[in-house]
Amino acid sequence: MKLSHLSWKQAENIFKRVDIAILPVGSVENHGTHGPLGTDYLIPERLSEMIEKETEVIVLPVIPYGVCPHHKSFPGTINIGHDALQMVVRNIVFSLFEQGIKKFVFLNGHGGNDSSLDMVALELYNRGGIAATVDWWVLAGQLNNEWVGGHAGREEASAIMAIDEDLIDLNEVVPLDYKNLTDELKCLNINTVEFKGASIKIMRDVRDVVESGWFGKDDPAFATKEEGESMLNATAKYLVDFIEEFKKIKLDR
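1. What to know about the layout of surface pockets
Point 1. Taken as a whole, the largest pocket spans an internal volume of roughly 630 Å³.
Point 2. Lining the largest pocket are 29 residues, with Trp137, Gly149, Gly150, His151 and Phe215 sitting closest to its centre.
Point 3. Mapped onto the lining of the largest pocket, the elements with two or more residues apiece are helix 5 (136-143), helix 6 (154-163) and strand 5 (186-189).
Point 4. A per-class count over the lining of the largest pocket returns 9 nonpolar, 12 polar and 8 charged.

See below:
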């Protein structure tokens, strides 16, 4: 049930029997020269819609904006910061908590959001509720190691192609172009370098690490709609099973 499609009277009645809601959260940020800025919210939004068809749960409108200061040098990126995201999520959660929604699933599409979601989840728990945070791309990679992805790589591009194939332009994919700090400080990913067999975290703006904006071992040039459909279907199915079990938690603290 989409909250945005209910009247207040319908919501009042539904809240008497349903105490769980999904909150999709994403980001508007660089996803390479080939992918849409809305990738990180379009995917959790679609997964929420798929889940809604299979289990009784309240689906909240997606929060499209997130925490992405490391992508700010790319046009179109919108960063609202940790404090703003935490405040928005907190106010959404506790508005509904007061109306009887005690359990939340934060269906997250962007890693930069995690600390803000964690803070709200802990406060909710201390007030008598509970929240689960699901980073969809991590879950997909755990379900099938062929789906392990980087940023704007094959994993995310395939998922977007399953949603709307026209949003991905594979002709615009460019080869990975990491900018190593020195000959001996070579990039492992966007914020980690390798030195003498160990890894060191060095934070930089993404564009100073990789001009194209995508990074990882999953080349987006090989993205397909079919892989995206399989990945989203498997991830949604797992989450339906998880939510059914999550519903059984007794909150009597």
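Having seen it, we continue.
2. Topic: the pairing of strand 1 (residues 20-25)
Point 1. Within strand 1, 6 of the 6 residues are buried, which leaves it mostly tucked inside the rest of the structure.
Point 2. The pairing of strand 1 with strand 3 (residues 103-108) spans 6 bridges and is classified as parallel. Note that in strand 3 the partner of Val25 across the bridge is Asn108.
Point 3. Pairing of strand 1 with strand 2 (residues 58-59) involves 2 bridges; the strand directions are parallel. If you follow Ala21 over to strand 2, its bridge partner there is Ile58.
Point 4. Chirality of the crossover, the property in question, places the unit of strand 1, helix 2 (residues 39-52) and strand 2 among those that are right-handed.

3. Re the sheet that holds strand 3
Note: strands within a sheet are paired through backbone hydrogen bonds, in either parallel or antiparallel orientation.
Point 1. Within the open sheet, the 4 strands sit side by side as 2-1-3-4. Their pairing is parallel. Because the sheet does not close on itself, it has two edges, and the strands there are strand 2 and strand 4 (130-135).
Point 2. This element, helix 2, spans strand 1, strand 2 and strand 3 of the sheet and lies at about 155° to strand 1.
Point 3. With respect to the sheet, helix 8 (residues 225-246) is in contact with strand 1, strand 3 and strand 4, its orientation differing from that of strand 3 by roughly 160°.

Here is what the cut-offs are and how they apply
- Residues numbered from 1 in each chain as written.
- Predicted model: local features only at pLDDT ≥ 70, side-chain atom pairs only at ≥ 80, totals over all residues.
- Heavy atoms only, no water.
- 1 Å grid on protein atoms, 1.4 Å probe; cavity = no way out; pocket = protein on both sides within 12 Å on 5 of 7 lines; lining within 4 Å.
- Points joined across faces, edges and corners; volume = space filled by probe spheres on them.
- Helix = DSSP H or I, 4+ residues; strand = E, 2+ residues; numbered from the N terminus.
- Nonpolar A, V, L, I, M, F, W, Y, C, P; charged D, E, K, R; others polar.
- Buried < 20%, exposed > 50% of the residue type's maximum accessible area, 1.4 Å probe, protein only.
- Pairing = 2+ DSSP bridges.
- Right-handed = clockwise from strand over helix to strand, strands pointing away.
- Contact = heavy atoms within 4.5 Å.
- Axes fitted to C-alpha atoms, helices over the stretch in contact; angles between N-to-C directions.

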